[in-house]
Structures are given as C-alpha cells and as structure tokens.
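Fold and geometry: a report
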Amino acid sequence: SYIYEVLGSYAWDEGDERSALSLFDLSAAHHLRNASGTDAADGYVRDAKANEATGDQEAALQFYQRALEFRVTQYGATNPNAACMHTDIAHMLAGMGRNREALERAQQAICLFVPSFRPADLYAHPVSADSATSQRLLLDALLVKFDILRADTSNSRSGASTEALIDLCLQ
C-alpha cells in the first residue's frame, strides 16, 4: 500500500492528478485488504469497535489503548501501524466529549505522520509542502482534528483553525 501511495504522490507532484487518485485508491484498497489479521492489535481494535457499538465507550478506549501499546512495542512509536492508533483514540475521546484530550491526541498523530512538523500550539497545522510518512493516514488524523475543532464553538481560534485545516486537507 505504501508503494502505491509513494507512486501516487509522485504522479500528483508531476501534475497527473487522475493517475495519482487511482494510485491512492489502490493504496487504500491494498491497505484494507491486508490490514485484517496482521497482528494481535487487530483483535483489540475489533473489541474496541464492538464496545463502541454497544455504547461502552470507556471499554472501547481501553482496547484502543492496548492496541496502541502492542503496536508501539511491535513496530515502534513512529511506525504508521502504531501512529494511526492515535487517530482512533482521538476520535474515541471526542465521542466521549473529552475534546481537549482528543485534540492533543490528534495533534500527536499528525506530528508522527509529519516528522518535520513541530507545532507551537494545538491550533497549528503542517503545510502542504511538508513530507508525510503516509498521506492517507495523515488525512485521517487531519479530518478528526477538523471535526473536533468544528465542534468547539467556545474558542474563537477554533473557527479560523478549521478553515485553514480544510484548505490543507483539500491540498
């Protein structure tokens, strides 16, 4: 899946957007096809989703955390298999109304996908020229962050940040 993503990025940079999008689609399809049963964390993720579906959000959060811990031990903290768990945890925290924690976790995921990005605050975003380890997984994290910021009507910085963030996602 990562080779398709790299080829897609190359095609995009060369201006061949149609080929790039096809390659990104192949990357996503390959990743989904091969993601099942790849490690013990998959069982934790299945259990998390089952608990989430029944409304037991705290148990779901614990299973996502266990999946993250397994993948960090197995692959390292910066590996996309581990880093994407931060996005799932951010989404879960946001669903529980724990928006500050969710925003921090989403930002952590973004930093892992864009190693050169070192934000001054939670409302900062990488720029489209920054190199990402996985554009697709970065987009997932950016969209979770967008949802969290969009729901935060109590902070004036959230509105400006969401507009900048959606522009970045579109780029």
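Owing to the predicted nature of the structure, the values given are computational and were not obtained by experimental measurement.

**Comments concerning the packing of helix α5 (residues 80-95) against helix α7 (residues 135-151)**
Remark: α5 packs on α7, axes separated minimally by 10 Å, with the N-to-C direction vectors making an angle of 15 degrees. As judged from the angle between their axes, α5 and α7 are roughly parallel. The handedness of the crossing between α5 and α7 is left-handed. Judged by residue contacts, Pro80, Cys84, Thr87, Ala90, His91 and Ala94 of α5 engage Leu137, Asp140, Ala141, Val144 and Ile148 from α7.

**Some remarks on the side chain of Ser9**
Positionally, Ser9 belongs in helix α1 (residues 2-13). The residues touching Ser9, leaving out its near neighbours within four places in the chain, are Phe24 and Gln135.

**Let's talk about the nonpolar core**
Core analysis: the largest hydrophobic core is formed by 39 residues, its most contacted members being Tyr64, Phe113 and Leu142. Mapped by element, the contributors of at least two residues to this core are α3 (41-54), α4 (57-75), α5, α6 (99-113), α7 and α8 (156-170). Contact partners of Phe113, with chain neighbours within four places excluded, come to Pro80, Ala83, Cys84, Thr87, Ser131, Ala132, Thr133, Ser134, Leu137, Leu138 and Ala141.

**Observations concerning α5**
In a regular helix each residue adds 1.5 Å, so 16 residues correspond to 22 Å; α5 covers 23 Å between its end C-alpha atoms and thus fits that length. The opening residue of α5, the one whose side-chain oxygen lies 2.7 Å from the backbone nitrogen of Asn81, is Asn79. The first or second residue beyond α5 is Gly97, which carries a positive phi of 80 degrees.

**Notes on the pattern of salt bridges**
Scanning the model with the defined rule gives six salt bridges in all. For Asp42, the salt bridge identified is with Arg71, shortest N-O distance 2.7 Å. One end of the pair, Asp42, is in helix α3; the other, Arg71, is in helix α4, with 29 residues separating them in the sequence. For Asp147, the salt bridge goes to Arg150, with nearest N and O atoms at 3.2 Å. Taken together, the positions of Asp147 and Arg150, both in helix α7 and three residues apart, correspond to about one turn of that helix.

Basis of the calculations
Residues numbered from 1 in each chain as written. Predicted model: local features only at pLDDT ≥ 70, side-chain atom pairs only at ≥ 80, totals over all residues. Heavy atoms only, no water. Axes fitted to C-alpha atoms, helices over the stretch in contact; angles between N-to-C directions. Helix = DSSP H or I, 4+ residues; strand = E, 2+ residues; numbered from the N terminus. Parallel < 35°, antiparallel > 145°, perpendicular 65-115°, else oblique. Left-handed = near helix turned anticlockwise from the far one by under 90°. Contact = heavy atoms within 4.5 Å. Core = buried A, V, L, I, M, F, W, Y, C linked by side-chain atoms within 4.5 Å. Buried < 20%, exposed > 50% of the residue type's maximum accessible area, 1.4 Å probe, protein only. Expected span 1.5 Å × (residues − 1). Polar contact = N/O pair within 3.5 Å; in protein donor to acceptor, adjacent residues only side chain to side chain. Salt bridge = Lys/Arg side-chain N within 4 Å of Asp/Glu carboxyl O.

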